Amino acid sequence: MAASLTRHPDEDMNEDSRQSAGAPAARSPGATKKGIETRARIIRGAIEAVESEGMESLTTRKIAARAGVQLATLHYYFDSKESLMLAVLEDLVSDMSMRYTSSVNSADMDDRIAQLIRLIWRYIGENPNREISQIELTIYALRTKGSEWLAAKQYNTYIDFYSQFVFRDSDIPEPERTRIANAVTRFMLIGIDGLILQNFALGDTAVASESVEALIFTTQAYLKKLIAQSAT
């Protein structure tokens, strides 16, 4: 069972109190335009709370305050920390997707790898607290019994996203296309995770830039090796 959102003692709320707050029982949260907007505000409030204070201090009270909603409203839309963190993850990936899709336009996979890694690194530089928050999200999921799936979901989401980005319209036949795409994007993600931690630990932009270019080169070389092996 998913763990409850971290609450203050006076924040507990049962189904009766949700109904008295005006929440309709027969309709899913977010089914109306107002509901969609409210849900989006809560997600933004959660992102801001995690970025500024980290997972350990994350409570429904703080999220609700940042989102400008009542606690009853927040609990109606998200009944567990995991459901809210999953929504946060999906929102972050959607934000990156919109930014990257308009910027990567090459038909060559090597070029796409280079463009994608550079775009990811630029995004990280522009949103350092967001990247630390995602690291904390992963650690939280791994350390919380029953929430390990959230860490796997996070990684699989990025692997799928990178794969679609680099390998869209690829002429590599299946099932080799999927196998190669997963291998290359897992390798890319390993490198990006290492670069993030190295950059935050050392704070050396020159080293970071050199490491980014090294990751591009090695990822491209790995792709070529896998394609060559597939052809034999």
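Since the structure is predicted, the reported quantities are computational estimates derived from the model, not experimental observations.

*Asks:* Is there a simple way to think about the side chain of Arg-130 in this case?
*Replies:* Within the secondary structure, Arg-130 sits in helix 7 (residues 128-143). Here Arg-130 falls in the buried class, since its relative accessible area comes to 17%. Leaving out residues up to four positions away in the same chain, Arg-130 has contacts with Ile-47, Glu-51, Leu-92, Asp-95 and Tyr-123.

*Asks:* Quick question: what am I supposed to make of the packing of helix 9 (residues 176-202) against helix 10 (residues 205-231) here?
*Replies:* Helix-helix packing: each pair is described by the crossing angle between the helix axes and the interaxial distance. Where helix 9 contacts helix 10, the two axes come as close as 10 Å, and the packing angle between them is 165 degrees. By the criterion of interaxial angle, the relationship of helix 9 to helix 10 is roughly antiparallel. The handedness of the crossing between helix 9 and helix 10 is right-handed. Every residue of helix 10 that contacts helix 9 at Glu-176, Arg-179, Ile-180, Ala-183, Val-184, Phe-187, Met-188, Gly-191, Ile-192, Leu-195, Gln-198 and Asn-199 is listed here: Val-207, Ala-208, Ser-211, Val-212, Leu-215, Thr-218, Thr-219, Tyr-222, Leu-223, Leu-226, Ile-227 and Ser-230.

*Asks:* Is there a simple way to think about the pattern of salt bridges in this case?
*Replies:* One side chain can pair with another of opposite charge once the charged atoms of both are near each other. Under the criterion given, the structure shown has five salt bridges. One salt bridge in this structure joins Glu-51 and Arg-130, with 2.7 Å as the shortest N-O distance. Here Glu-51, found in helix 2 (residues 33-53), pairs with Arg-130, found in helix 7; they are 79 residues apart in sequence, far enough to count as distant. The partner of Asp-110 in a salt bridge is Lys-224, with the nearest N and O atoms 2.5 Å apart.

*Asks:* Any chance you could explain the packing of aromatic side chains here in plain terms?
*Replies:* Two numbers describe a pair of aromatic rings. These are the distance of the centres and the angle of the planes. One pass over the structure, following the stated rule, counts five aromatic pairs. Pairing Tyr-76 with Tyr-77 gives two aromatic rings, centres 5.4 Å apart and planes at 80 degrees, and the pair type is edge-to-face. Pairing Phe-161 with Phe-165 gives two aromatic rings, centres 5.5 Å apart and planes at 65 degrees, and the pair type is edge-to-face. Remark: Phe-165 and Phe-161 occur in helix 8 (residues 148-167); sequence separation between them is four residues, near one turn of the helix. Of the two residues, Phe-161 and Phe-165, both sit in the buried class. Here the aromatic cluster, defined as three or more aromatic residues joined through ring pairs, consists of Tyr-158, Phe-161, Tyr-162 and Phe-165.

Here is what the cut-offs are and how they apply
Residues numbered from 1 in each chain as written. Predicted model: local features only at pLDDT ≥ 70, side-chain atom pairs only at ≥ 80, totals over all residues. Heavy atoms only, no water. Helix = DSSP H or I, 4+ residues; strand = E, 2+ residues; numbered from the N terminus. Buried < 20%, exposed > 50% of the residue type's maximum accessible area, 1.4 Å probe, protein only. Contact = heavy atoms within 4.5 Å. Axes fitted to C-alpha atoms, helices over the stretch in contact; angles between N-to-C directions. Parallel < 35°, antiparallel > 145°, perpendicular 65-115°, else oblique. Left-handed = near helix turned anticlockwise from the far one by under 90°. Salt bridge = Lys/Arg side-chain N within 4 Å of Asp/Glu carboxyl O. Phe/Tyr/Trp six-rings, centres within 6.5 Å; stacked < 30°, edge-to-face > 60°.

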